[in-house]
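# Fold and geometry: a report
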Amino acid sequence: VSRFEGVTMAPPDPILGVSEAFRADTNDLKLNLGVGAYRTEELQPYVLNVVKKAEKLMLERGENKEYLPIEGLAAFNKVTAELLFGADNSVIQEGRVATIQGLSGTGSLRLAAAFIHRYFPDAKALISSPTWGNHKNIFNDARVPWSEYRYYDPRTVGLDFDGMVADIKAAPDGSFVLLHGCAHNPTGIDPTPEQWEKIADVIQEKNHIPFFDVAYQGFASGSLDADAYSVRLFVRRGFELLVAQSYSKNLGLYAERIGAINVVCSSSDAGTRVKSQLKRLARPMYSNPPVHGARIVANVVGDPNLFNEWKQEMELMAGRIKNVRQRLYENLSEKDKSGKDWSFVLKQIGMFSYTGLHKAQSDHMTDKWHIYMTKDGRISLAGLSLSKCEYLADAIIDSFH
Ligand SMILES: Cc1[nH+]cc(COP(=O)(O)O)c(/C=N/[C@@H](CC(=O)O)C(=O)O)c1O
């Protein structure tokens, strides 16, 4: 008797499944505004110049393919923590950060979730409502129970700050609060500095543990330091915390699967022990991480010229998306006679616009206009060109009729 006959078909992934549907569409007008992957004005994938320069250097140097240590490339782990916290940060100087190179943001989040499951078996994760489409699955598969805190307020198309604080306050003490470091996905709405202070207050009061997901550092505002504001505020406030990092978007290393999990501990000795337990979890999971992306990051950040050029390219990418936001806003405002306020398109930051469109509307956008977006109404502006903004505006307005 066949053992696999009983296996049922898995549902398509809410985000990557949209790309699959897009690829299957043969219509020339098709537009992929689903996955958060940067495209140029010509709607082509973009390999940063600094990446090409770093790879040229690496090829000339001729490097081997030996296994990395379980924790990853040491040079990468050093620069990734310095980028995040600032090289002069006391947690770096005092050796209190345990950093493990992870399989990009997803793998780093998953390794951290496995750590939470093993060492804090009674703890819950608190995640924003809505949040990135993969967070729930990561915690489910790591068997970490989770509940949601209010985040998006459809009435104001803004942050439900009071609801967020109330839900974090109501959760059991010692919960892990998953926070988007910058460019909240999918809403594009970030707390203000004053709100971050109050969020830190309630987390401190409840002995919760902050767990930051930083997938867009430098990509949201164009500044690496500005986008690390929330993480550095919590470090300054003395929290032990976790931070997952990804270089998929800001360095365009999507398929290289390069990221890290950083755990800020109260002592360097605790950091050493935490790192040893993260390694113990990583070894049976994937043994050790891929070297290519780690070398690219270490080379780019390690060379002052390449590092500066990278910053310029991040500003370019962030700038192109800001221009697209502006053009889309103008097209929507000019064309829509309903009097609807579209200013949220300008206020949201990062790659996405959280449009508030319902599932039926996004289905209509796909069926009639061949525009692909996630069912929660998120559109990736990184996949939009200035020349296609009018087409998108027409489609969005049409979806209301
Ligand atoms: C908030 C957030 N965290 C982590 C990741 C993981 O990225 P990684 O490539 O594993 O480092 C992504 C990716 N987001 C986009 C792509 C995806 O869904 O995988 C997206 O939201 O479209 C995030 O948006």
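Below is a summary of the structure that appears in this document. Since we're looking at a predicted model, the values are computed, not measured.

## Section: the packing of helix 13 (residues 304–335) against helix 16 (residues 389–398)
It is the contact of helix 13 with helix 16, at a shortest axis distance of 9 Å, that shows an interaxial angle of 45 degrees. By the angle class used here, helix 13 and helix 16 are oblique. For helix 13 against helix 16, the interelement crossing comes out right-handed. Residues V324, R327, L328, N331, L332 and K335 of helix 13 pack against C389, E390, L392, A393, D394, I396 and I397 of helix 16. In terms of residue class, the contact of helix 13 with helix 16 is built from eight nonpolar, one polar and four charged.

## Digging into the nonpolar core
If you look at the biggest cluster of nonpolar residues, it comprises 62 residues, and the most contacted ones within it are L251, W310 and L328. Elements represented by at least two residues in this core include exactly helix 2 (49–61), helix 3 (74–85), strand 10 (258–264), helix 12 (291–302), helix 13, helix 14 (344–347), helix 15 (359–369) and helix 16. With nine residues, the top contributor of residues to this core is helix 13. Beyond its immediate stretch of four places on either side in the chain, L328 contacts V345, I379, L381, L384, C389, L392 and A393.

## What about the site of the ligand?
Around the ligand sit 17 residues, and of these S104, G105, T106, D213 and S246 come closest. One of the side-chain N or O atoms of S246 is found 2.7 Å from an oxygen atom in the ligand. Separating an oxygen atom of the ligand from a side-chain N or O atom of R257 is a distance of 2.8 Å. Starting from 520 Å² of accessible surface for the ligand in isolation, the protein chains cover 92%. With three residues, helix 5 (residues 104–119) is the single largest residue contributor to the shell around the ligand. The class makeup of the residues in the shell around the ligand is six nonpolar, seven polar and four charged.

## Examining the sheet that holds strand 7 (residues 176–180)
The strand order across the open sheet built from seven strands is 2-10-9-8-7-3-4, with neighbouring strands paired in mixed fashion. The sheet is open, and its two edges are formed by strand 2 (97–103) and strand 4 (146–150), each paired on a single side. Each strand of the sheet is rotated relative to its neighbour by a mean of 25 degrees, with strand direction disregarded. Relative to strand 10, strand 2 runs antiparallel, the two sharing seven bridges. The residue of strand 10 that forms the bridge with A98 is V263. Along the sheet, helix 10 (residues 229–236) contacts strand 7, strand 8 (209–214) and strand 9 (241–246); its crossing angle with strand 8, the most-contacted strand, is approximately 155 degrees.

## Quick notes on the pairing of strand 3 (residues 125–129)
Summarising burial for strand 3: four of the five residues are buried, a large majority. Where strand 3 and strand 4 come together, five bridges link them in parallel fashion. Its bridge partner lying in strand 4, A125 is registered against W146. Where the polypeptide runs from strand 3 across helix 6 (residues 135–141) and back to strand 4, its parallel neighbour, the crossover connection is right-handed. Both strand 3 and strand 7 contribute to a ladder of two bridges, which runs parallel. From the neighbouring strand, A125 faces strand 7, where its bridge partner is F176.

## Side note on the packing of aromatic side chains
With the rule as written, the count across this model stands at 20 aromatic pairs. On the numbers, 6.0 Å between centres and 90 degrees between planes, the contact of W196 with F234 is edge-to-face. Residue W196 is located in helix 8 (residues 193–205), and its partner F234 is located in helix 10; the two are separated by 38 residues in the primary sequence. Across the pair, F234 and W196 agree in class, each one buried. Their ring planes at 80 degrees and their centres at 6.1 Å tell us that W342 and F400 sit as a pair that is edge-to-face. Of this pair, W342 sits in the loop between helix 13 and helix 14 while F400 sits in the segment after helix 16, placing them 58 residues apart in sequence. Taken together, the ring pairs connect Y38, Y46, Y216, F219 and F352 into an aromatic cluster. Taking the ring centre of F22 as reference, the NZ or CZ of K30 above it sits at 4.4 Å.

## Some thoughts on the pattern of salt bridges
Tallied over the full model, the rule gives 22 salt bridges. For R96, the salt bridge is made with E94, and the minimal N-O distance between the two is 2.7 Å. Assessed through its relative accessible area of 17%, R96 is described here as buried. Here R237 and D201 are joined by a salt bridge, their closest N and O atoms 2.5 Å apart.

Conventions and cut-offs
Residues numbered from 1 in each chain as written. Predicted model: local features only at pLDDT ≥ 70, side-chain atom pairs only at ≥ 80, totals over all residues. Heavy atoms only, no water. Axes fitted to C-alpha atoms, helices over the stretch in contact; angles between N-to-C directions. Helix = DSSP H or I, 4+ residues; strand = E, 2+ residues; numbered from the N terminus. Parallel < 35°, antiparallel > 145°, perpendicular 65-115°, else oblique. Left-handed = near helix turned anticlockwise from the far one by under 90°. Contact = heavy atoms within 4.5 Å. Nonpolar A, V, L, I, M, F, W, Y, C, P; charged D, E, K, R; others polar. Core = buried A, V, L, I, M, F, W, Y, C linked by side-chain atoms within 4.5 Å. Buried < 20%, exposed > 50% of the residue type's maximum accessible area, 1.4 Å probe, protein only. Near = heavy atom within 4 Å. Polar contact = N/O pair within 3.5 Å; in protein donor to acceptor, adjacent residues only side chain to side chain. Areas by Shrake-Rupley, 256 points an atom, 1.4 Å probe, with all protein chains shown as cover. Pairing = 2+ DSSP bridges. Right-handed = clockwise from strand over helix to strand, strands pointing away. Phe/Tyr/Trp six-rings, centres within 6.5 Å; stacked < 30°, edge-to-face > 60°. Lys NZ or Arg CZ within 6 Å of the ring centre and 35° of its normal. Salt bridge = Lys/Arg side-chain N within 4 Å of Asp/Glu carboxyl O.

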